[in-house]
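Listed below are the residues making up each chain.
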Amino acid sequence: MTLQETINKDNLPKHLAIIMDGNGRWAKQKGLLRAFGHKNGTKSVRITVETCAKLGIENLTLYAFSTENWKRPKLEVDILMKLLVNSLKNELDTLEKNNIRLNCIGNIDMLPDKAKAALLSVIKKTKNNSRMTLTLALSYGSREELLNAVKIISEKVKNNIISIDTIDESIINEHLYTRNLPDVDLVIRTSGEHRVSNFLLWQIAYAEFYFTDVLWPDFKENDLYAAIISYQKRERRYGKTSEQIK
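Below or above, wherever it landed, is the structure these notes cover. (Residues numbered from 1 in each chain as written. Predicted model: local features only at pLDDT ≥ 70, side-chain atom pairs only at ≥ 80, totals over all residues. Heavy atoms only, no water.)

**Some details on helix H5 (residues 142-158)**
(1) Moving on: For H5, with 17 residues, the first-to-last C-alpha span of 24 Å sits near the 24 Å given by 1.5 Å per residue.
(2) Moving on: Among the residues of H5, those classed as buried are Ser142, Glu145, Ala149 and Ile153. For H5, the arc enclosing every buried residue in end-on projection is 60°, short of the 170-degree limit, so these residues lie on one face. Of the residues in H5, the exposed ones pointing more than 90 degrees away from the buried face are Arg143, Lys151 and Lys158.
(3) Moving on: Contacts made by the buried residues of H5 are with strand E4 (132-140) and helix H6 (169-174).
(4) Moving on: Directly beyond the C-terminal end of H5, a positive phi value near 60° is found at asparagine 160. (Helix = DSSP H or I, 4+ residues; strand = E, 2+ residues; numbered from the N terminus. Expected span 1.5 Å × (residues − 1). Buried < 20%, exposed > 50% of the residue type's maximum accessible area, 1.4 Å probe, protein only. Arc of directions from axis to C-beta. Contact = heavy atoms within 4.5 Å.)

As C-alpha cells, then:
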C-alpha cells in the first residue's frame, strides 16, 4: 500500500499552511547561486498545490515572502519578484485546470508594480474557482497584521462603530488578512528549522506542527503524504481530556 492510499480522506486538514524553507541551502549544497534554489522551489509549489487539490484539501497557504525578506540583498529580492511574476503567468492555466482560486495576504502595496499587477490579475481571473483556495503570504508578517487589526478596531471604537464590550475573537478575526479563511489545522516547515518565523501567529493557535529536514526544492508528493499521515495520527483535544474527546 502506498502512502497516498493510507490517507484518510475524511480526516484531512481543512487549512494547511506551509513555511517553504531551504531554497538557499539547497542551491549552496549544489554549488549554485541562491536564485537556482528559488527557481527549483517553484516546482515543489506546483506539485504541492496540485496534490492538495487532488486530495481534497480546501485551503492551502504558502509562506512565499515575509516582511523581513525585504532586508535581503536587493539582487535576490529582485530575482524573487521576477520569479513571482513569471510563476503567476505560467501557473494560471494550472490554477484554472484544477479549479483553484488564488488569494493573497500581506502588505501587497510594497510589491513592485509589475508583481502587484500580475498578482491581482490572477486573483481576478480565478475568483470564481471553488475546488481549493490557494493563499500566498506575500510581504506578510503576522505581527504587522495584528498591529493593523488593533489600529483599525481602535479607530472604530473611537468613532463608536464598535463597542469595546463587544470585542471578542470573532471581531479580531474579521480584521485580519485571513478573515475569509478558517484557522490553520496543520503547519509544515521544511529544511529542519523549528520556528514559526512570524507566520499566522493568531491563526495557528491550535494547529498541529510537522517539521521535516527535507529542503523545499526536494519536497515532493510523498513528503506531503507523510506530513498528513502524521497529522491524522494525532489527537486534537483543544484543552479537553482524551476521555472527553472519545
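**Regarding the packing of helix H2 (residues 34-55) against helix H3 (residues 74-97)**
(1) Moving on: Close contact between H2 and H3 brings their axes to 11 Å; oriented N to C, the two are set at 25°. Between H2 and H3, the crossing angle belongs to the class labelled roughly parallel. Crossing handedness for the pair H2 and H3: right-handed. Between H2, through Arg34, Ala35, His38, Lys39, Thr42, Arg46 and Glu50, and H3, the contact on the second element is made entirely by Glu76, Ile79, Leu80, Leu83, Ser87, Asn90, Glu91, Thr94 and Lys97.
(2) Moving on: Residue classes in the contact of H2 with H3 are distributed as four nonpolar, five polar and seven charged. (Axes fitted to C-alpha atoms, helices over the stretch in contact; angles between N-to-C directions. Parallel < 35°, antiparallel > 145°, perpendicular 65-115°, else oblique. Left-handed = near helix turned anticlockwise from the far one by under 90°. Nonpolar A, V, L, I, M, F, W, Y, C, P; charged D, E, K, R; others polar.)

**Some details on the sheet that holds strand E6 (residues 208-211)**
(1) Moving on: Reading across from one edge, E3-E4-E2-E1-E5-E6 is the order of the six strands in this open sheet, with parallel pairing throughout. Looking at strand neighbours, the two that pair on one side only are strand E3 (100-105) and E6, the edges of this open sheet. Here the strands of the sheet are splayed against their neighbours by 20° on average, with no regard to which way each runs.
(2) Moving on: Strand direction decides the pairing type here: strand E2 (residues 59-66) and E4, joined by seven bridges, are parallel. Bridge assignment links asparagine 59 to a residue of E4, and that residue is threonine 133.
(3) Moving on: The sheet contacts of H2 involve strand E1 (15-19), E2, E3 and E4, and relative to E2 the element is tilted by about 160°. (Pairing = 2+ DSSP bridges.)

These figures come from the coordinates and say nothing about function on their own.
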